[in-house]
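Structural features, examined
Chain residues, written in single-letter form:
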Amino acid sequence: MRIRLSFFTLACMAALLFVSVAAQEATPVAVAPDPALCTLNPLTPEDLQRIAETDLQPAPTSTPITDTIVLPDGEELFTSEREEVEKDIIRAIACVNTGEPLKALAAYTDRWIGDFIIAQGGLDDELIAGLQVNRGLQPDQYLQILLFADAARMGDGRVAIVVTGVDPSDGGEPRSRLFVMDEVRPGRFLIDEVVPIES
(Lines give C-alpha, C1' and ligand atoms only; values in the text may rest on other atoms or scores of the structure.)
Protein backbone atom coordinates (compact mmCIF):
# COMPACT_ATOMS: atom_id res chain seq x y z
CA MET A 1 0.00 0.00 0.00
CA ARG A 2 1.33 3.41 -0.91
CA ILE A 3 2.21 5.79 1.89
CA ARG A 4 -0.32 8.59 2.10
CA LEU A 5 0.28 12.03 3.53
CA SER A 6 -1.77 12.85 6.62
CA PHE A 7 -3.67 16.12 6.65
CA PHE A 8 -1.09 17.64 8.97
CA THR A 9 1.67 16.59 6.60
CA LEU A 10 -0.27 18.10 3.72
CA ALA A 11 -0.81 21.31 5.63
CA CYS A 12 2.83 21.57 6.61
CA MET A 13 4.16 20.70 3.17
CA ALA A 14 1.72 22.80 1.25
CA ALA A 15 1.28 25.87 3.32
CA LEU A 16 3.26 26.49 6.45
CA LEU A 17 6.15 24.07 6.63
CA PHE A 18 8.21 26.88 8.12
CA VAL A 19 11.90 26.81 8.85
CA SER A 20 13.36 28.67 11.82
CA VAL A 21 13.86 32.42 11.65
CA ALA A 22 15.95 34.57 13.94
CA ALA A 23 14.07 35.88 16.95
CA GLN A 24 13.27 39.57 16.95
CA GLU A 25 13.02 41.87 19.95
CA ALA A 26 9.46 42.87 19.10
CA THR A 27 7.83 39.64 18.03
CA PRO A 28 4.43 40.15 16.38
CA VAL A 29 1.43 38.38 17.81
CA ALA A 30 0.47 35.25 15.89
CA VAL A 31 -3.08 35.23 14.55
CA ALA A 32 -4.89 32.05 13.51
CA PRO A 33 -7.20 32.79 10.56
CA ASP A 34 -10.73 31.78 11.50
CA PRO A 35 -12.06 28.90 9.37
CA ALA A 36 -15.11 31.10 8.72
CA LEU A 37 -12.84 33.22 6.49
CA CYS A 38 -12.54 30.31 4.05
CA THR A 39 -14.97 31.32 1.33
CA LEU A 40 -13.67 28.85 -1.27
CA ASN A 41 -15.77 25.96 -2.47
CA PRO A 42 -14.09 22.62 -1.72
CA LEU A 43 -12.71 20.69 -4.66
CA THR A 44 -14.77 17.74 -5.81
CA PRO A 45 -13.57 14.29 -6.92
CA GLU A 46 -14.41 15.44 -10.44
CA ASP A 47 -12.09 18.45 -10.00
CA LEU A 48 -9.29 16.15 -8.89
CA GLN A 49 -9.89 13.85 -11.85
CA ARG A 50 -9.84 16.79 -14.28
CA ILE A 51 -6.56 18.07 -12.84
CA ALA A 52 -5.01 14.60 -12.83
CA GLU A 53 -5.87 14.17 -16.52
CA THR A 54 -4.60 17.61 -17.54
CA ASP A 55 -1.12 17.82 -19.06
CA LEU A 56 0.18 20.61 -16.83
CA GLN A 57 3.73 21.94 -16.89
CA PRO A 58 5.38 20.63 -13.70
CA ALA A 59 6.51 23.24 -11.20
CA PRO A 60 10.29 23.58 -10.97
CA THR A 61 11.87 21.91 -7.96
CA SER A 62 12.23 24.59 -5.31
CA THR A 63 15.73 25.19 -4.00
CA PRO A 64 15.72 26.10 -0.30
CA ILE A 65 16.88 29.61 0.47
CA THR A 66 19.86 29.23 2.80
CA ASP A 67 21.26 32.73 2.95
CA THR A 68 19.94 36.28 3.17
CA ILE A 69 16.48 36.41 1.63
CA VAL A 70 16.63 38.16 -1.73
CA LEU A 71 13.42 38.22 -3.72
CA PRO A 72 13.57 37.39 -7.43
CA ASP A 73 13.90 40.44 -9.68
CA GLY A 74 10.50 42.01 -10.01
CA GLU A 75 8.31 45.05 -9.68
CA GLU A 76 7.24 46.49 -6.36
CA LEU A 77 3.59 45.83 -5.61
CA PHE A 78 1.01 48.55 -5.30
CA THR A 79 -0.49 48.73 -1.81
CA SER A 80 -3.81 47.44 -3.14
CA GLU A 81 -2.09 44.47 -4.83
CA ARG A 82 -0.21 43.55 -1.68
CA GLU A 83 -3.42 43.73 0.35
CA GLU A 84 -5.10 41.29 -2.07
CA VAL A 85 -2.17 38.85 -1.90
CA GLU A 86 -2.13 38.95 1.91
CA LYS A 87 -5.91 38.52 2.03
CA ASP A 88 -5.73 35.44 -0.19
CA ILE A 89 -2.96 33.88 1.91
CA ILE A 90 -5.01 34.49 5.05
CA ARG A 91 -7.97 32.85 3.34
CA ALA A 92 -5.79 29.90 2.28
CA ILE A 93 -4.68 29.30 5.88
CA ALA A 94 -8.28 29.70 7.04
CA CYS A 95 -9.18 26.91 4.61
CA VAL A 96 -6.46 24.69 6.10
CA ASN A 97 -7.86 25.48 9.56
CA THR A 98 -11.26 24.12 8.56
CA GLY A 99 -9.72 20.67 8.78
CA GLU A 100 -11.14 19.84 5.34
CA PRO A 101 -8.38 18.89 2.85
CA LEU A 102 -10.53 19.60 -0.21
CA LYS A 103 -11.14 23.15 1.03
CA ALA A 104 -7.43 23.58 1.72
CA LEU A 105 -6.54 22.38 -1.79
CA ALA A 106 -8.95 24.93 -3.29
CA ALA A 107 -6.42 27.63 -2.35
CA TYR A 108 -3.77 26.12 -4.67
CA THR A 109 -3.29 26.26 -8.43
CA ASP A 110 -4.08 23.29 -10.63
CA ARG A 111 -0.37 22.91 -11.28
CA TRP A 112 0.44 22.59 -7.59
CA ILE A 113 -2.42 20.14 -7.06
CA GLY A 114 -1.28 18.12 -10.09
CA ASP A 115 2.22 17.84 -8.61
CA PHE A 116 0.69 16.83 -5.27
CA ILE A 117 -1.34 14.06 -6.93
CA ILE A 118 1.76 12.77 -8.73
CA ALA A 119 3.71 12.80 -5.44
CA GLN A 120 0.99 10.59 -3.95
CA GLY A 121 1.45 8.03 -6.70
CA GLY A 122 -1.54 9.12 -8.74
CA LEU A 123 -5.23 9.64 -8.15
CA ASP A 124 -7.25 6.67 -6.97
CA ASP A 125 -10.20 5.92 -4.70
CA GLU A 126 -7.98 5.68 -1.63
CA LEU A 127 -6.55 9.16 -2.08
CA ILE A 128 -9.93 10.67 -2.92
CA ALA A 129 -11.48 9.08 0.18
CA GLY A 130 -8.66 10.34 2.40
CA LEU A 131 -9.05 13.88 1.11
CA GLN A 132 -12.77 13.84 1.89
CA VAL A 133 -12.26 13.23 5.62
CA ASN A 134 -12.92 16.22 7.88
CA ARG A 135 -10.19 16.27 10.54
CA GLY A 136 -12.21 18.41 12.96
CA LEU A 137 -9.34 20.66 14.02
CA GLN A 138 -9.63 22.49 17.33
CA PRO A 139 -8.64 26.18 17.70
CA ASP A 140 -5.40 25.27 19.48
CA GLN A 141 -4.41 23.27 16.39
CA TYR A 142 -4.95 26.10 13.89
CA LEU A 143 -2.04 27.34 11.79
CA GLN A 144 -1.14 30.92 12.61
CA ILE A 145 0.33 33.86 10.72
CA LEU A 146 2.88 36.13 12.39
CA LEU A 147 3.77 38.57 9.63
CA PHE A 148 4.07 39.28 5.94
CA ALA A 149 7.47 40.57 4.82
CA ASP A 150 8.98 41.51 1.44
CA ALA A 151 6.91 41.04 -1.72
CA ALA A 152 7.42 41.65 -5.44
CA ARG A 153 5.77 40.81 -8.77
CA MET A 154 8.12 38.65 -10.81
CA GLY A 155 8.69 38.77 -14.56
CA ASP A 156 6.29 35.87 -15.18
CA GLY A 157 3.46 37.79 -13.48
CA ARG A 158 3.44 35.76 -10.28
CA VAL A 159 3.95 37.41 -6.88
CA ALA A 160 6.63 36.32 -4.42
CA ILE A 161 6.09 37.12 -0.73
CA VAL A 162 7.83 36.06 2.48
CA VAL A 163 5.46 34.81 5.20
CA THR A 164 6.28 33.93 8.80
CA GLY A 165 3.92 31.76 10.82
CA VAL A 166 3.45 29.18 13.54
CA ASP A 167 2.30 25.55 13.41
CA PRO A 168 1.25 24.47 16.96
CA SER A 169 1.80 20.82 16.02
CA ASP A 170 5.45 21.63 15.28
CA GLY A 171 6.35 23.11 18.66
CA GLY A 172 4.97 26.58 18.00
CA GLU A 173 8.30 28.05 16.82
CA PRO A 174 8.04 30.87 14.23
CA ARG A 175 9.14 29.73 10.78
CA SER A 176 9.22 31.35 7.34
CA ARG A 177 8.69 30.46 3.69
CA LEU A 178 8.62 32.22 0.34
CA PHE A 179 5.15 31.89 -1.18
CA VAL A 180 4.76 32.29 -4.95
CA MET A 181 1.21 33.35 -5.80
CA ASP A 182 -0.43 33.13 -9.23
CA GLU A 183 -3.05 35.74 -10.12
CA VAL A 184 -5.65 33.45 -11.69
CA ARG A 185 -7.97 36.38 -12.29
CA PRO A 186 -7.73 40.09 -11.43
CA GLY A 187 -7.32 40.43 -7.67
CA ARG A 188 -7.57 36.66 -6.97
CA PHE A 189 -4.38 34.79 -6.08
CA LEU A 190 -3.75 31.08 -5.53
CA ILE A 191 -0.64 29.42 -4.10
CA ASP A 192 1.54 28.11 -6.94
CA GLU A 193 4.81 27.35 -5.17
CA VAL A 194 6.25 27.36 -1.64
CA VAL A 195 10.02 27.71 -1.20
CA PRO A 196 11.77 26.78 2.07
CA ILE A 197 13.86 29.42 3.84
CA GLU A 198 16.56 27.72 5.86
CA SER A 199 18.40 29.57 8.60
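Up top is the structure.
Described below are features of the structure shown in this document. Positions within a chain are numbered from 1, following the residues in the order the chain's sequence is written. Whole-chain, interface and lining totals are the exception, using all residues; otherwise, since this is a predicted model, local features are given only for residues with pLDDT of at least 70 and side-chain atom pairs are given and counted only at 80 or more. Values shown for side chains rest on all heavy atoms present in the structure; no hydrogens or waters enter the calculation.

Another aspect to go through is the packing of aromatic side chains. Only the six-membered ring of Trp is used, alongside the rings of Phe and Tyr, when aromatic pairs are assigned; centres must lie within 6.5 Å, and planes under 30 degrees apart are stacked while those over 60 apart are edge-to-face, with the rest tilted. Under the criterion given, the structure shown has two aromatic pairs. For the pair Trp 112 and Phe 116, a centre-to-centre distance of 5.8 Å together with 10° between the ring planes defines the contact as stacked. Within this pair, Trp 112 and its partner Phe 116 are both found in helix H5 (residues 110-119), separated by four residues, close to a single helical turn. An aromatic cluster is defined as three or more aromatic residues linked by ring pairs; in this entry it consists of Tyr 108, Trp 112 and Phe 116. Helix and strand assignments follow DSSP, with helices taken as H or I runs no shorter than four residues and strands as E runs no shorter than two, numbered in order from the N terminus.

On to the nonpolar core, then. Core analysis: the largest hydrophobic core is formed by 38 residues, its most contacted members being Leu 48, Ile 89, Leu 105, Ile 113, Ile 161, Phe 179 and Met 181. With seven residues, the top contributor of residues to this core is helix H3 (residues 79-97). Should any heavy atoms of two residues lie within 4.5 Å, those residues are counted as being in contact. Not counting residues up to four positions away in its chain, the partners in contact with Leu 48 are Leu 43, Leu 102, Leu 105, Ile 113, Ile 117, Leu 123, Ile 128 and Leu 131. Remark: nonpolar core denotes a set of buried residues (Ala, Val, Leu, Ile, Met, Phe, Trp, Tyr, Cys) joined through side-chain atoms within 4.5 Å. Residue burial is assigned from relative accessible area. The probe radius is 1.4 Å, only protein chains are included, and a residue is buried under 20% of its type maximum, exposed over 50%, and partly exposed in between. In terms of nonpolar packing, the next biggest core, distinct from the first, is built from seven residues, Ala 160, Val 162, Leu 178 and Val 180 among them.

Cysteine sulfur atoms that come within 2.5 Å of each other are treated as a disulfide pair. In the structure shown here, the tally under the stated rule is one disulfide. In this model, Cys 38 is linked to Cys 95 through a disulfide, with the two sulfur atoms separated by 2.0 Å. The disulfide joining Cys 38 to Cys 95 has a torsion of about 90° about its S-S bond and is therefore right-handed. In this pair, Cys 38 is assigned in the loop between strand E1 (19-20) and helix H2 (45-53) and Cys 95 in helix H3, connecting sequence segments 57 residues apart. The residues Cys 38 and Cys 95 share a single accessibility class, namely buried.

This paragraph deals with the pairing of strand E6 (residues 188-196). Most of E6 is tucked away, with eight of its nine residues classed as buried. Here eight bridges tie strand E5 (residues 175-185) to E6, and the two strands are oriented antiparallel to one another. Residue pairing across strands places Leu 178 opposite Val 195, the latter belonging to E6. The criterion for strand pairing is that DSSP finds at least two bridges linking the strands in question. What sits between E5 and E6 in their antiparallel hairpin is a turn of two residues, with Gly 187 showing a positive phi close to 80°.

When you line up the elements, Arg 158 lands in the loop between strand E3 (144-154) and strand E4 (159-166). By the criterion applied in these results, polar contacts are pairs of N or O atoms within 3.5 Å in which, for protein atoms, one can donate a hydrogen and the other can accept it, and in which residues neighboring in sequence qualify only through two side-chain atoms. Polar side-chain contacts of Arg 158 include one of 3.3 Å to the side chain of Glu 193. Here Arg 158 is in contact with Arg 111, Ala 152, Arg 153, Val 180, Met 181, Asp 182, Asp 192 and Glu 193, once residues within four sequence places are set aside.

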